[in-house]
Amino acid sequence: MKLSKASLTSRAIFGVLTLSLTVLTACGTVSQSKNVLTVNGTNYTVAQFERLSKELISTKQLPSTTGQISGADSKNILSALVRFIMDDEFLQANGESITDLDRKTVTDTIAADDPYYSWSQELQRLSIDLSVAKTVVARVKTPDSKKLEKMYSASPGSAGALCIRHIVVATEKESLNILKQLNDGADFIALAKEFSTEPTAKATGGALRVDASDCIPVVNFPNSFDFDFIQAALDAKVGVPNGPIKSSLGYHIIMNRPYSEIAESLSKLPAADSGPRLALGFFLTSKVTVNPRFGTWNAALGKVE
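Rules used in this analysis
Residues numbered from 1 in each chain as written. Predicted model: local features only at pLDDT ≥ 70, side-chain atom pairs only at ≥ 80, totals over all residues. Heavy atoms only, no water. Phe/Tyr/Trp six-rings, centres within 6.5 Å; stacked < 30°, edge-to-face > 60°. Helix = DSSP H or I, 4+ residues; strand = E, 2+ residues; numbered from the N terminus. Buried < 20%, exposed > 50% of the residue type's maximum accessible area, 1.4 Å probe, protein only. Pairing = 2+ DSSP bridges. Axes fitted to C-alpha atoms, helices over the stretch in contact; angles between N-to-C directions. Core = buried A, V, L, I, M, F, W, Y, C linked by side-chain atoms within 4.5 Å. Contact = heavy atoms within 4.5 Å. Expected span 1.5 Å × (residues − 1).

Asker: Now, about the packing of aromatic side chains: what can you tell me, with residues and values included?
Answerer: Per the counting criterion, the structure on display carries eight aromatic pairs. Judged by centre distance (5.4 Å) and plane angle (85°), the rings of Phe49 and Phe294 are edge-to-face. Residue Phe49 is found in helix α2 (residues 46-58), and its partner Phe294 is found in the loop between β8 (288-290) and β9 (297-298); the two are separated by 245 residues along the sequence. Judged on exposure class, the residue Phe49 and its partner Phe294 are both buried. Here Phe225 and Phe229 contribute two aromatic rings whose centre-to-centre distance is 5.0 Å and whose plane-to-plane angle is 10°, an arrangement assigned as stacked. Ring pairs connect the aromatic residues Phe90, Phe282 and Phe283, which therefore count as one cluster.

Asker: How would you summarise the sheet that holds β8 if you had to cite specific residues and measurements?
Answerer: Pairing in this open sheet of three strands is antiparallel, and the strands run β2-β1-β8 from one edge to the other. Where the open sheet ends on each side, the last strands, each with one partner, are β2 (42-45) and β8. For this sheet the average axis-to-axis angle between neighbouring strands, irrespective of direction, equals 15°. Across four bridges, the pairing between strand β1 (residues 35-39) and β2 is antiparallel. Pairing of Leu37 across the sheet is with Tyr44, part of β2.

Asker: Now, about unusual backbone geometry: what can you tell me, with residues and values included?
Answerer: Backbone torsion omega between Gly243 and Pro244 reads 0°, so that peptide bond is classified as cis. At Asn40, a residue that is not glycine, the phi angle is positive and equals roughly 50°. As for its position among the elements, Asn40 is in the loop between β1 and β2. With relative accessibility at 34%, the residue Asn40 sits in the partly exposed group. A positive phi angle is found at Ala212, which is not glycine, with a value near 70°. Tracing the backbone through its elements, the reader meets Ala212 in the loop between α9 (201-204) and β5 (216-217).

Asker: For the nonpolar core, give the residues involved together with the corresponding values.
Answerer: Formed by 43 residues in total, the largest nonpolar core has its most connected members in Leu37, Leu81 and Phe90. At the level of secondary structure, the elements contributing two or more residues to this core comprise β1, α2, α3 (71-93), α5 (121-137), α12 (274-284) and β8. With 10 residues, α3 is the largest single contributor of residues to this core. Leu81 has contacts with Leu37, Tyr44, Phe49, Leu52 and Leu126, leaving out every residue within four places of it along the chain. Counting 15 residues, the second largest nonpolar core, distinct from the first, contains Leu208, Phe229, Leu234 and Leu284.

Asker: Quick rundown of α2? Include the residues and the values.
Answerer: Helix length check: α2, at 13 residues, gives a terminal C-alpha distance of 18 Å against a target of 18 Å (1.5 Å per residue), a fit within 8%. For α2, every residue scored as buried is listed here: Val46, Phe49, Leu52, Ser53, Glu55, Leu56 and Ile57. Looking one or two places after α2, you find Lys60, whose phi comes out positive at around 65°.

Asker: Pulling in residues and values, what's your account of the pairing of β1?
Answerer: Judged by how many residues are buried, β1 sits mostly within the fold: five of five residues are covered. The turn linking β1 back onto β2 is made up of two residues, and Asn40 within it adopts a positive phi angle of 50°. Across three bridges, β1 lies against β8 in antiparallel orientation. Residue Thr38 lies in a different strand from β8, and its bridge partner there is Thr289.

Written out as C-alpha cells, the structure reads:
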C-alpha cells in the first residue's frame, strides 16, 4: 500500500489487507473470554481490543455517536489484527522482519500535520506495519531443500503449493469402496487409472498438474476447485488418502504426494513469487479462532464476520 502526503486514515489501516486471501484453514471460537482472538497460539485480549477501539473513536478514525464501535468496524479491525499477527509470525519464521527503514518509507510520506503523530505507538505501528508488510514479504526467498522438505512433510500447504493425486467417481458408495482399498494397501495410481472419471487420470495416475508442474501454487486453487476440495487437500497428510469429498464433479479421494516425487517441481516454482506464495501457504495452514462475542472466523473469505 503506497501512501502519499495524505491522511493515514482507518481506511488505509483496515480497509485493505495487503495480500489477497481467498481461503484460510481453521475456524472456531475462543473459550477464554479474556481473548478476542488467537492466531497460532498468539492471543489478542479483549482489553487490548477495547483500548484500540476507544483510541480509533477518540481520534476520529472511526465514526461513533454513542462512544461504541459498530459491529462492522469491529470485524474489520479484527480481520486486520489477524493479518498483522500472521505477517509478523511468517516473517519471523523466515528470518525477515519489518525494519525501521521499511517504516520510514511510509512515515516520510505522511504530512507533518497528519493526525498520525497524535496516535499511540501501538496504533502507529499497526498502521505502518500493515502498509509495508507486502513489500517485506516479497523479500522472503525459497528455503533450501532440507527446510522445504521439513515444511512440506509437516504440512504440505505451508510450502505454498499443493502437489496432489486424486480419484473422482460418481457416487459416495464408489468412493468409500476405493478408500477402503487404499487403506488396505492398494496402489493409489493403479486405482486412479482404473476408476477415476477424470479424463487424464489414465495417463497421470490422478496427478493434478499445471503447465507440466506436479505442484500447483495455492493461490491458483480457489479459481479452479471447490472450497471443500481445497480444504481436504490442505488437511490431508503426505501419503495418506483423505475423503470422500463431494464437489461439483463427484466424490474425491485426495492424497498429498510424497516429497520424493515432487521435490524438483516444488523447488522450481518461480523464485520471484516465493515470498507471497510461502506467506499464503503459511496463512492457509494457520489456526485462527475468534471469541464468539465478537464474531466468527470465515475460513473461505479470510475475515471475521
